[in-house]
Amino acid sequence: MSAESLKGYQWPESTVEVERGRVAMFAKAIGETDPVYFDVDAARAAGHPDLLAPPTFVFGLDLEHSDTLGVLAAHGVDLSAVLHGEQRFTYHRDVHAGDTLSLRAEFTDYYSKRNGALEFLVRRSQLTAGDDLVAEMESVSVIRNGAPS
């Protein structure tokens, strides 16, 4: 099976409420020390409406709501041959506890190298709050064909 057939695959749109406890726990887990990430009073004193989510927080939302590996497996891709190749983020505004965000994701591009020994699937995700674009994410999955298991 060629991963090329997945180009254009779209996940159903999902909506998530950004929870205060989850933001604080994530911030502490990644070693953040700025209280705007886990102290509501400090966040508000800094001009935020609630806790500020660390920038990489949105990557977790994307992983949770776009089961890339599940889609690949359902389409016959051997997951032992899949590598995470690249990740990019473009932020348009901060994310705060209390935000309601919508996530859309799609495999938007495909290319291969080394006569098909390596296939690359590009997945783009958009995170919005109402009509406002919050963040864009792009990741590349690399599939090694003919790789030993």
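Everything numeric here is computed off the predicted structure, so don't read it as measured data. (Residues numbered from 1 in each chain as written. Predicted model: local features only at pLDDT ≥ 70, side-chain atom pairs only at ≥ 80, totals over all residues. Heavy atoms only, no water.)

### A closer look at the sheet that holds strand E3 (residues 100-113)
Item 1. Taken together, five strands build an open sheet; the order of strands is E1-E3-E4-E5-E2 and the sheet is antiparallel. Pairing within the sheet leaves two strands with one partner each, and these edge strands are strand E1 (14-17) and strand E2 (82-91). The sheet shows a mean angle of 25° between the axes of neighbouring strands, direction not considered.
Item 2. Of the pairings in the sheet, the one linking E2 to strand E5 (residues 132-144) comprises nine bridges and is antiparallel in character. Within E5, the residue paired with Tyr91 across the bridge is Ala135. (Pairing = 2+ DSSP bridges. Helix = DSSP H or I, 4+ residues; strand = E, 2+ residues; numbered from the N terminus. Axes fitted to C-alpha atoms, helices over the stretch in contact; angles between N-to-C directions.)

### Here we look at the pairing of E3
Item 1. The pairing of E1 with E3 spans four bridges and is antiparallel. Paired with Glu17 across the strands is Thr100, a residue of E3.
Item 2. Where E3 meets strand E4 (residues 118-129), 11 bridges bridge the pair, whose relative direction is antiparallel. Each residue of the ladder has a partner; that of Ala105, found in E4, is Ser125.
Item 3. Between E3 and E4, which pair antiparallel and follow one another directly, the connecting turn spans four residues, one of which, Arg114, has a positive phi of 55°.

By themselves, these figures tell us nothing about what the structure is for.
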